[in-house]
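Structural characterization, general
What follows is each chain in one-letter form.
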Amino acid sequence: IDFFDGINSGEFIKLKLNLYSRLGEVFLGIVDNKMIGAGGIYKVGSNTGCVWIILSKQANKHLKELIKIIKEKFEEMKFKYRHLEAFCVDNIKTTKFLEILGFKRKKEYPKYSNGRDFVLYNKELV
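Here the residue numbering is sequential within each chain, running from 1 through the sequence in written order. pLDDT decides what is reported in this predicted model: residues at 70 or higher carry local features, side-chain atom pairs at 80 or more are listed and counted, and totals for whole chains, interfaces and linings draw on all residues regardless. Each side-chain value is worked out from all heavy atoms of the structure, with water and hydrogens disregarded.

Attention now goes to the overall build of the protein. In this text, helices come from DSSP runs of H or I with a minimum length of four residues, and strands from runs of E with a minimum of two, each type numbered from the N-terminal end. Helices and strands together make up the secondary structure of the protein, namely three helices and seven strands. For the protein, the α and β elements follow one another from N to C terminus as β-α-β-β-β-α-β-α-β-β. Relative to a compact globule of 126 residues, whose C-alpha radius of gyration would be 14 Å, the protein shows 14 Å and is just as compact. With respect to the principal axes defined by its C-alpha atoms, the protein has extents near 35 × 35 × 30 Å. With the radius of gyration taken over C-alpha atoms, the globule rule is written as 2.2 Å times the number of residues to the power 0.38.

Structure, rendered in structure tokens:
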């Protein structure tokens, strides 16, 4: 889960979307013809999917709606996956968002990348 200042800016976001679209399903959040978020799921095991979500600051105005839509997508995915995972930077905003979506903290990775702590979250869909 990534939060950033502007989803329409920078090649980095375009590269991420291109990569993720090659790995699996991609969903876009669009409000007033502007992309405020993107997300998806790609397969990492026989019954396991890895969730990714990128949200702009503008998404904060629509979090209740986004959470509802994301939970509905997870419900649709239970026929394809039994488990979902999310790997993210261990910060309060990101981990709180995952916990609202029903994920549980599974494993911690201290100082995993550039001195930042990461955490693996898991969600059962059965």
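From this point, the narrative continues.
Attention now goes to the confidence of the model for the protein. Per-residue confidence from the predictor is given as pLDDT, running between 0 and 100. Summary statistics for the protein give a mean pLDDT of 86 and a share of 90% for residues scoring 70 or more. Within the protein, the element-level pLDDT minimum falls on strand β1 (residues 2-4), averaging 50, and the maximum on strand β7 (residues 116-124), averaging 93. Long-range and interchain partners of residues 3-8, a stretch whose pLDDT sits below 50, account for 20 contacts in this model, where long-range means more than four residues apart. Residue contacts follow a heavy-atom distance rule, with two residues in contact if any of their heavy atoms lie within 4.5 Å.

Among the secondary structure elements, K123 is positioned in strand β7. Only protein chains enter the accessibility calculation, which uses a 1.4 Å probe. A residue is then buried if its area is under 20% of the maximum for its type, exposed if over 50%, and partly exposed in between. His is not counted here, nor are the chain ends, while Lys and Arg score as positive and Asp and Glu score as negative. Whenever Lys or Arg places a side-chain nitrogen within 4 Å of a carboxyl oxygen from Asp or Glu, that contact is recorded as a salt bridge. Buried K123, no salt bridge; nearest opposite-charge side chain is E75, N-O distance 7.5 Å. One polar contact links the side chain of K123 to the main-chain carbonyl oxygen of L101, over a distance of 3.0 Å. The definition of a polar contact used here is a pair of N or O atoms within 3.5 Å, where within protein one atom must be able to donate a hydrogen and the other to accept one, and adjacent residues in sequence count solely through side-chain atom pairs.

So, about the pairing of strand β4 (residues 48-56). Among the nine residues in β4, nine count as buried, and that is most of the element. DSSP calls a pair of strands paired once it identifies at least 2 bridges connecting them. In terms of strand pairing, strand β3 (residues 34-43) meets β4 through seven bridges, oriented antiparallel. Residue pairing for β4: K43 is matched across the bridge by G49. Counted between consecutive antiparallel strands, the loop separating β3 from β4 contains four residues. Judged from the three bridges that link them, β4 and strand β5 (residues 83-89) form a sheet pairing that is parallel. Directly across from T48, in β5, lies its bridge partner H83. Crossover handedness for the path β4 to helix α2 (residues 63-77) to β5: right-handed. A clockwise path from the first strand over the helix to the second, with the strands pointing away from the viewer, defines a right-handed crossover.

Right, let's get into the nonpolar core. In terms of nonpolar packing, the biggest core is built from 22 residues, with F74, L84, L101 and F103 touching the most fellow members. Broken down by secondary-structure element, the contributors of at least two residues to this core are β3, β4, α2, β5, α3 (92-100) and β7. The dominant element in this core, judged by the number of residues it contributes, is α2, at five residues. In this structure, L101 is in contact with I53, I67, I70, K71, F74 and K123, ignoring residues within four places of it in sequence. To qualify as a nonpolar core, a set must consist of buried Ala, Val, Leu, Ile, Met, Phe, Trp, Tyr and Cys residues joined through side-chain atoms within 4.5 Å.

Once the charged atoms of two side chains with opposite charge are near each other, the side chains can pair. Within the structure shown, the criterion is met by seven salt bridges. With a shortest N-O distance of 3.2 Å, K68 and E72 are connected by a salt bridge. Of this pair, K68 and E72 both sit in helix α2, separated by four residues, roughly a single helical turn. On the basis of relative accessibility, which here comes to 40%, the residue E72 falls in the partly exposed class. Note that R105 is salt-bridged to D90, the shortest N-O span being 2.9 Å. With R105 in strand β6 (residues 104-113) and D90 in the loop between β5 and α3, this pair connects stretches of sequence that are 15 residues apart. Taking relative accessible area as the criterion, R105 reaches 35% and is therefore assigned partly exposed. Sharing partners across several salt bridges, the network here consists of D90, R105 and E108.

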